[in-house]
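Examining the three-dimensional arrangement
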Amino acid sequence: MAQPPTRKALSGQAFGTLLLIAFMMGANHVAARFAFNDGVDVATAVTFRSGVTAIVIAVLLKFQGVPLQFQPRHRKILPAIAALIAVQSLCLYAAVARLPVALALLAFNTYPLWTALWSALLYQQKAEPMVLKAMPILLLGLALALDVFGAASGLGAAAHWDSIGIGVGFALTAGATFGLVLIVTQHQAADLDGRLRTGATMGMVALIAGAGAILQGGFHLPQGPSGWGGLAGLTLLYGTAFTVMFTLLPRLGVVGNSAIMNVEPVFALVMAWLLLGQKIEPVQVAGALIVVLTVITLGLRRST
């Protein structure tokens, strides 16, 4: 995931495409909540989502003539990356199943801080001054968004954390794991074609999640139309977002992930309010905006 040294202004088409990807990723998590509310479990959702995405990317690789060539070190590291992505996916969906969707995504969006921590611990790379300055701002925004003292909810701190604590724990674990994925990929697999790397890891994630579902007694499928719509929606939206990411973005001059896509929690906040009736207080909205703007600022420091 090495970044190019120069910066280029995004075209209007590229900017719009990035916003579309962010919208689809946010909608994917809202759709997941419909599925979870209708009997689907987390392992089933991750299996369907990852399996279909792997198939779509495999078709793209075949159509685009990408050679399926892995170096020995890639064969060693990709299963580890896939295992980490499986943990991240399971934890994030577990958070979405327990929290308002936007809050789950905001807690997950602490991953830039985890990335800096893992980089320091594993590769002795000091965090950039901008990251250190952003840490307290991001944490303040997250504290407001999560209503850490229970003031906005009126429940008090203890009762409020009894309600959200497990979900927040899952979301933060997802963020920490994703940060580790970014660092390991950057240092161990950045030279591997992104399409090939993603297709291989998504396939392995599907196998891991599927095995987990079987060990828990089998797949838990939806009980009604809304659940089937949610499962189909999360699978279609996630797969489409990845397809767009790997087919259109390179043609538009966008390399890698862009900070613009971190507006995903804002889209999720609006959609969850409209479709799920999930509401958060104004002070939490302010905290959400602080988190999103901070993460975008961190991303822009090295985006193209």
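Up top is the structure these notes are about.
Residues numbered from 1 in each chain as written. Predicted model: local features only at pLDDT ≥ 70, side-chain atom pairs only at ≥ 80, totals over all residues. Heavy atoms only, no water.

Here's the deal with the side chain of Thr-198
Put simply, the test is: Think of it this way: any DSSP run of H or I at least four residues long counts as a helix, any run of E at least two long counts as a strand, and we number them from the N terminus. Any residue under 20% of the maximum accessible area for its type is buried, any over 50% is exposed, and the rest in between are partly exposed; the area is computed with a 1.4 Å probe on protein chains only. Pairs of N or O atoms within 3.5 Å make up the polar contacts considered here, provided that, within protein, one atom can donate a hydrogen while the other can accept it, and that residues adjacent in sequence are counted only when both atoms are side-chain atoms. In this analysis, two residues are considered to be in contact whenever any of their non-hydrogen atoms come within 4.5 Å of each other.
Examined against the element boundaries, Thr-198 turns out to sit in helix α8 (residues 194-215). The class for Thr-198 is buried, based on a relative accessible area of 11%. Within the structure, Thr-198 has its side chain in polar contact with the backbone oxygen of Gly-194 (distance 2.8 Å). Not counting chain neighbours up to four residues away, the residues in contact with Thr-198 comprise Ile-57, Phe-242 and Phe-246.

Remarks on the nonpolar core
Worth spelling out the cut-off: Each nonpolar core is a collection of buried residues, namely Ala, Val, Leu, Ile, Met, Phe, Trp, Tyr and Cys, held together in the definition by side-chain atoms within 4.5 Å.
Ranked by internal contacts, the top residues of the largest apolar core, which has 84 residues, are Ile-21, Ile-81, Tyr-93, Leu-106 and Leu-234. A per-element tally of this core places helix α3 (residues 72-98) first, with 12 residues. Each residue touching Tyr-93, except ones within four places of it in the same chain, is listed here: Asn-28, His-29, Ala-32, Phe-36, Val-42, Ala-45, Val-46, Arg-49 and Leu-234.

Here's the deal with the packing of α3 against helix α7 (residues 157-188)
What counts here: Axes here refer to lines fitted to C-alpha atoms; in helices the fit is confined to the stretch in contact. Angles between the N-to-C directions go from 0 to 180 degrees. Roughly parallel covers angles under 35 degrees, roughly antiparallel covers those over 145, roughly perpendicular covers 65 to 115, and oblique covers all other angles. The sense of a crossing depends on the near helix, which, turned anticlockwise from the far helix by less than a right angle, makes the crossing left-handed and, turned clockwise, makes it right-handed. Three categories are distinguished: nonpolar for Ala, Val, Leu, Ile, Met, Phe, Trp, Tyr, Cys and Pro, charged for Asp, Glu, Lys and Arg, and polar for the others, with Gly belonging to the last.
Contact geometry for α3 and α7: axes closest at 8 Å, N-to-C directions at 160°. Here α3 is positioned roughly antiparallel relative to α7, judged by the angle of their axes. Note that α3 runs across α7; the crossing there is left-handed. Class assignment of the residues belonging to the contact of α3 with α7 gives a composition of 17 nonpolar, seven polar and two charged.

Notes on the layout of surface pockets
Selection criterion: Residues are called lining when one of their atoms sits within 4 Å of a cavity or pocket point, these points coming from a 1 Å grid over the protein atoms alone, where a cavity is a set in which a 1.4 Å probe fits but cannot get out and a pocket is an open set with protein on both sides within 12 Å along at least five of seven lines. Grid points are joined across faces, edges and corners, and a volume is the space filled by probe spheres set on the points.
Reported here for the second largest pocket is a volume of approximately 210 Å³. Along its surface, the second largest pocket is lined by 14 residues, and Pro-100, Leu-103, His-160, Ile-164 and Gln-284 are the ones closest to its centre. For the lining of the second largest pocket, the leading source of residues is α7, giving three residues. Among the residues forming the lining of the second largest pocket, the class breakdown is six nonpolar, four polar and four charged.

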